[in-house]
Amino acid sequence: MSRVQLPALPPLTLTLILETTAALVVCTTAVLLLQRLVFHPLARLPGPKLAAASWWYMTYYEVFKDGAFVEHLQHLHARYGPVVRVGPNQLHFNALNAYDDIYLHGHRFTKDPRMYLSLNQSDSSLCIVELKEIKTRREILGPLFSRRAIIKLEHVVLSKVNRLIEQLGHYAEAGKPANIRRACRSAALELIYAYCFATHEDFVTAPDFSHKFVVESEMTFPLVHHFVHFPWMLPLLVLQTQIAAWFKPGGEGGVLYDSYGGLKSKIDELVAYPDMVDRDEHETVFNHLLRPHPDKGQLEVPSTKVLWEEAINLIAAGSETVATIVNVGMFYVLNDPAVYGKLTAELKSAWPEVQTTMHYETLEKLPYLTAVVKESLRIGHGLVHPLPRVVGPTDAVIAGFTVPAGAVVAMGATFVHFNPTVFPQPHAFMPERWLGKDKGHLDQYLVSFSKGPRTCLGINLAWCELYLFFGYLFRKLHMTLHETTIDDMAYRCHLTPTFRGRMLHCKVKVRSD
Ligand code: HEM
């Protein structure tokens, strides 16, 4: 039998390796492009071909154009209509009924792992993707954030608001303008720490309300897009801060680790001595979490990792959002003498003796204050980035379009809040739009807390904080804007709005009557 002579293989040279690699890359890219542009279930939906072809389209606007994607979405909707394919597997909607279809009726949709798992907190209630897991967590934490529980713990909120007012009183005495944004964020942080651990943190007494933790943690919010598009970045940053803190505890760049590291020690201590929680001054998040809840599906005490991630999440979610809404609302009220006059007149008439204690349940019945809080939530949004959900387990109809299971869908709150049909002159701060018996239907379009099964867990606490912040600050203090203008209210759309201008500063006087 004659042997078949195989042709000799060419020698393995660098040129050959490069050529083969290039050919493989070109072929794979061609197949991928063909799949995304022609055979993908979203291929028939409108949108720029570049966005359909590659995630880099979104990365360009979100990372390299400093959060310009939300702005760009407006142009895309103007050109392509109510639904736009904004990524290889992602759609964005701009239709009022789409919001409810995604967040309210799509109660079996999950959060998009591409975004939420990149935040390095996969075990926190914000980032849990699995429906069963989040149901358990929300059933355990829910009772602590119920309206009843918040009213029972109103004194904790009040004590933090009063501490803030006392501090602002020192600025009044010194005739020095106060950084109101940082002041409110410091107070909101103290409050959420108290809620989680019953601890007394001291942020509001820092000079210029600029405690290192407040300043440094502010810097992480604008980085969210970087973390989503480059998932290796956050673990690297954590490592860097750990190393910085290791070499120089409390030094530059080490503070996040120091503060969050302090939280970790607190959690380690609670896990080691669970009876400690019974000695807390009031019920806390960790009273609830640190016990097994077999009836709710939590058979054991959660791991330290779960507890730590939940604590970091609650502290971040519960401070930045509240501070943003108070900051935006206070600016617009102070910038409009008519609004300021109506609000302070209503507060004075309902609360004639300024030294007495005013309760949340009374404040929330005041119509003009309520209109100011709602308008602040509308114009400040809270979270400005569209919150992505994965359609499933079956195909769904969103705003009349059939969307296949597995596709990622979203609609940003800005597209509801700035809809001119629902809110005429959407960019103007007009509390009056919420007043009147026929305005109740507008509440369904206030989506700052999102809707449905993943609506904000802290919504009742947030409402209570907002009423007490606005009510107490405007009743107890006379404030005027200091070198802050409407231009300073411009923001970039990261997950939360990032204000690049000067922070809200006010001159303050204490009211005696
Ligand atoms: C004005 C203040 C607030 C606004 C505008 C706000 C807004 C939101 C929004 C839009 C979401 C949905 C996020 C998503 O779908 O990914 C959310 C979730 C969440 N919020 Fe808030 N929030 C506020 C205050 C608070 C407070 C005070 C807390 C208390 C700790 C809190 C805790 C949470 C948690 C734990 C989640 C995750 C819930 C889940 O995914 O199931 N928030 N918030």
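Residues numbered from 1 in each chain as written. Predicted model: local features only at pLDDT ≥ 70, side-chain atom pairs only at ≥ 80, totals over all residues. Heavy atoms only, no water.

Q: Would you mind going over helix 9 (residues 154-174) with me for this structure?
A: An α-helical turn contains 3.6 residues, so any two residues separated by three or four positions project in the same direction. Look at helix 9: 31 Å from first C-alpha to last across 21 residues, which is about the 30 Å you get at 1.5 Å a residue. What helix 9 keeps buried is the set E154, V156, V157, L158, K160, V161, L164, I165, Q167, L168, G169 and Y171. (Helix = DSSP H or I, 4+ residues; strand = E, 2+ residues; numbered from the N terminus. Expected span 1.5 Å × (residues − 1). Buried < 20%, exposed > 50% of the residue type's maximum accessible area, 1.4 Å probe, protein only.)

Q: What is the right way to look at the coordination of the iron atom of the ligand in this model?
A: Octahedral metal centres with six donors ideally show angles of 90 or 180 degrees, and tetrahedral centres with four donors ideally show 109.5 degrees. For the iron atom of the ligand, the protein supplies a single donor, C456 (SG), at a distance of 2.3 Å. Its place among the elements puts C456 in the loop between helix 21 (413-417) and helix 22 (459-476). (Donors = N, O, S within 2.8 Å, 3.2 Å for Na, K, Ca; no water.)

Q: Got a minute to help me understand the sheet that holds strand 5 (residues 389-390) in this structure?
A: As a general point, the strands of a sheet are linked pairwise by backbone hydrogen bonds and lie either parallel or antiparallel. If you trace the five strands from one edge of the open sheet to the other, you get 1-2-8-5-3, paired in mixed fashion. Since the sheet does not close on itself, it has two edges, and those belong to strand 1 (83-87) and strand 3 (110-111), each with one partner. Sheet topology note: the strand 1/strand 2 (residues 90-93) ladder contains four bridges and is antiparallel. Bridge assignment links V84 to a residue of strand 2, and that residue is H92. (Pairing = 2+ DSSP bridges.)

Q: Which parts of the structure should I look at to understand the UniProt feature "binding site: heme" (unreviewed entry) in the protein?
A: The feature "binding site: heme" (unreviewed entry), as annotated in UniProt, sits at C456 in this numbering. Residue C456 is classed as partly exposed on the basis of its relative accessible area, which comes to 29%. Setting aside residues no more than four positions away along its own chain, C456 makes contact with R138 and F449. (UniProt positions renumbered as here; feature names shortened; annotations may be inferred. Contact = heavy atoms within 4.5 Å.)

Q: Teacher, can you tell me more about the packing of helix 20 (residues 367-380) against helix 22 here?
A: In a pair of packed helices, the angle between the axes and the distance between the axes together describe the arrangement. Between helix 20 and helix 22, the shortest axis-to-axis distance is 10 Å and the interhelical angle comes to 115°. Considering the relative orientation of helix 20 and helix 22, their crossing is right-handed. Residues L369, T370, V372, V373, K374, S376 and L377 of helix 20 lie in contact with helix 22, whose contacting residues are W463, L466, Y467, F470 and G471. A per-class count over the contact of helix 20 with helix 22 returns eight nonpolar, three polar and one charged. (Axes fitted to C-alpha atoms, helices over the stretch in contact; angles between N-to-C directions. Left-handed = near helix turned anticlockwise from the far one by under 90°. Nonpolar A, V, L, I, M, F, W, Y, C, P; charged D, E, K, R; others polar.)

Q: Sorry, what's going on with the state of the cysteines here?
A: The bond known as a disulfide is covalent and runs between the sulfur atoms of two cysteines. Tallying each qualifying case throughout the model produces zero disulfides. No disulfide involves C464; its nearest neighbouring cysteine sulfur is the one of C456, lying 13 Å away. (Disulfide = S-S within 2.5 Å.)

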